Amino acid sequence: MDLPYAHGGPPLVAELRREPADFRVEEILGFAPSGSGEHAFVLIEKTAANTEWVARELARRLGLAPVAIGFAGLKDRHAITRQAFTVHLGQRAEPDWQALDIEGVRVLSVARHARKLKRGSHRGNRFEIRLRAPQGERDRAQAVLDAIVAQGVPNYFGEQRFGRDGGNADLARQLFAGARMPRERRGIALSAARSELFNAALAQRVAAGSWNRALDGEVWMLAGTHSVFGPEPLDDALRERLASGDIHPSGPLWGRGELRSTDAVRALELAVADAHAELARGLEAAGLEQQRRALRLLPRELAASWQDDGLAIRFALEAGAFATTVLRELARWH
């Protein structure tokens, strides 16, 4: 899907991920290990390694079932990332963590914790990214960076959600046409279908310039949470909360049940669902319920510096947001 830009289109062309060190991710959990319990809380740095593969290798090397391993979120493979895993040891002796010898994996610290890490239990992620050999207008690039700080970016689902050449959405169409799939593959397909519908609705609002402002019938999402409220009449208090970043307009994560939105927002969202009826009806039949996602993403702590070998960018994002969604406003990459 050709998604519109919020800040005039990317002023740069650059190389992304020439090497794993060009894309660094640090998980922000928002809590510390409890210090006691049946789980080992293992902080790991992985290089060019898939999160789920690391979890499987931990289980295999320790002689445990895969269900014994917990983690909060999937992290980029083509990167250097730091994230926590929990390992349910029960009454087992503490293993020699440094002797695991998993390729691309370094154990940084180990503590005890009372419970398994669950998906989505982290607060967010901090990124350090280097765009190599950038070509283009530096002055306009700085203007785009300033606009991102002031206004944020459309909270699109990133390209990772859709797999190689966008094939995960086609996988969803196969599923809805009756193909049988294992549970994990089915989950990937459903997630891609939902993401494509959300991006389509958000793209309509970006094109209309309403992705970061209120329309009639808006459902609001409280920043940093999944809590929603509204629709309700727009007043000065809501305008102030929107301007400060305390609340965001939201869009549909499609499923069965009634849309919460009304008026102009509801009409737009229903039109998008009708235009993608195969995906919308398939998600409803699969039993997913209507949910919401913020339309606006506000990176925190954003800083950028030009260096001899490229442009270095640092920022933090809440859980579920994509770094490439921020970068796409600034650069096209290869």
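Please read these numbers as outputs of a predicted model, since none were measured by experiment.

With that out of the way, let us pick up unusual backbone geometry. Backbone torsion omega between glycine 230 and proline 231 reads 5°, so that peptide bond is classified as cis. Mapped onto the secondary structure, proline 231 falls in the loop between β10 (228-229) and α5 (236-244). For alanine 48, which is not glycine, the phi torsion reads 50° and is therefore positive. Of note, alanine 48 is situated in the loop between β3 (39-47) and α1 (51-62). A positive phi angle, close to 55°, is found at aspartate 101, a residue other than glycine. Topologically, aspartate 101 is positioned in the loop between β5 (80-88) and β6 (105-113). Accessibility expressed as a relative area gives 65% for aspartate 101, which makes it exposed.

Counted at 1.5 Å a residue, the expected span for helix α6 (residues 263-275) with its 13 residues is 18 Å, and the 19 Å between its end C-alpha atoms agrees. Tucked inside the fold, the buried residues of α6 contact α4 (183-208), β11 (247-253), α7 (277-285) and β12 (291-294).

With that out of the way, let us pick up the nonpolar core. Counting residues in hydrophobic clusters, the biggest one holds 25 residues, and the most contacted among them are Phe23, Phe127, Ile129, Leu131, Phe315, Leu317 and Leu330. Setting aside anything within four residues of it in sequence, one finds phenylalanine 315 in contact with Asn125, Arg126, Phe127, Ile129, Pro299, Arg300, Glu301, Leu302, Ala323, Val326 and Leu327. Core analysis: the second largest hydrophobic core is formed by 21 residues, Val54, Leu64, Phe85 and Val87 among them.

Attention now moves to the environment of valine 67. By the element assignment, valine 67 lies in the loop between α1 and β4 (69-71). Of the residues examined, valine 67 reaches a relative accessible area of 60% and is grouped as exposed. In the structure, valine 67 is positioned twelve residues away from alanine 55 in sequence and 9.3 Å away in space, judged by C-alpha atoms.

One open sheet accounts for four strands, arranged β10-β9-β11-β12; its pairing is antiparallel. Unpaired on one side and paired on the other, β10 and β12 mark the two borders of the sheet. Here four bridges tie β11 to β12, and the two strands are oriented antiparallel to one another. From the neighbouring strand, proline 252 faces β12, where its bridge partner is arginine 292. Its contacts with the sheet put α4 on β11 and β12, and the angle it makes with β11 is roughly 130°.

Here α4 crosses α7 at 130°, and the two axes come no closer than 10 Å. Accordingly, the angle class assigned to the pair α4 and α7 is oblique. Between α4 and α7 the crossing geometry is left-handed. Here α4 contributes Leu190, Ala193, Arg194, Glu196 and Leu197 to the contact with α7, which in turn contributes Leu279, Ala280 and Leu283.

Within this structure, the stated rule accounts for five aromatic pairs. For the pair phenylalanine 23 and phenylalanine 127, a centre-to-centre distance of 6.1 Å together with 80° between the ring planes defines the contact as edge-to-face. Linking phenylalanine 23 in strand β2 (residues 23-28) with phenylalanine 127 in strand β7 (residues 124-136), this pair joins segments that are 104 residues apart in sequence. Judged by its relative accessible area of 4%, phenylalanine 127 is buried. Ring centres of phenylalanine 127 and phenylalanine 315 lie 5.5 Å apart, and the angle between their planes is 35°; this geometry places the pair in the tilted category. Residue phenylalanine 127 is located in strand β7, and its partner phenylalanine 315 is located in strand β15 (residues 310-318); the two are separated by 188 residues in the primary sequence. Among the residues examined, phenylalanine 315 registers a relative accessible area of 1% and is labelled buried.

As a further point, take the environment of arginine 17. The topology assignment puts arginine 17 in the loop between β1 (12-16) and β2. Taking the C-alpha atoms as reference points, arginine 17 and isoleucine 80, 63 residues apart in sequence, are found 10 Å from one another. Separated by 3.3 Å, the side chains of arginine 17 and aspartate 76 make a polar contact. Looking at arginine 17, its side chain comes within polar contact range of the main-chain oxygen of histidine 78, at 3.1 Å.

Cut-off values and rules
- Throughout this document, residue positions are counted from 1 along each chain, in the order its sequence is written.
- Only residues with pLDDT of at least 70 are given local features in this predicted model, and only at 80 or more are side-chain atom pairs given and counted; all residues enter the totals for whole chains, interfaces and linings.
- Hydrogens are left out, water is left out, and the side-chain values use all remaining heavy atoms of the structure.
- Only DSSP runs of H or I covering at least 4 residues are called helices, and only runs of E covering at least 2 are called strands; the numbering of each starts at the N terminus.
- Relative accessibility under 20% of the residue-type maximum defines a buried residue, over 50% an exposed one, and the middle range a partly exposed one, all with a 1.4 Å probe and only protein chains included.
- Here the expected length of a helix is defined as 1.5 Å per residue gap, with one fewer gap than residues.
- Note on definitions: a residue-residue contact is assigned when non-hydrogen atoms from the two residues lie within 4.5 Å.
- To qualify as a nonpolar core, a set must consist of buried Ala, Val, Leu, Ile, Met, Phe, Trp, Tyr and Cys residues joined through side-chain atoms within 4.5 Å.
- Strands pair, by our definition, only if DSSP identifies at least two bridges between them.
- All axes are obtained by fitting lines to C-alpha atoms, using only the stretch in contact for helices, and the reported angles, taken between N-to-C directions, cover 0 to 180 degrees.
- Put simply, angles under 35 degrees are roughly parallel, angles over 145 are roughly antiparallel, angles from 65 to 115 are roughly perpendicular, and the rest are oblique.
- The sense of a crossing depends on the near helix, which, turned anticlockwise from the far helix by less than a right angle, makes the crossing left-handed and, turned clockwise, makes it right-handed.
- Whether two aromatic rings pair depends on their centres lying within 6.5 Å, for rings of Phe, Tyr and Trp, where Trp uses its six-membered ring; planes under 30 degrees apart make the pair stacked, over 60 edge-to-face, and the rest tilted.
- For this analysis, a polar contact is any N or O atom pair within 3.5 Å, provided that within protein one partner can donate a hydrogen and the other can accept it, and provided that sequence-adjacent residues contribute only side-chain to side-chain pairs.

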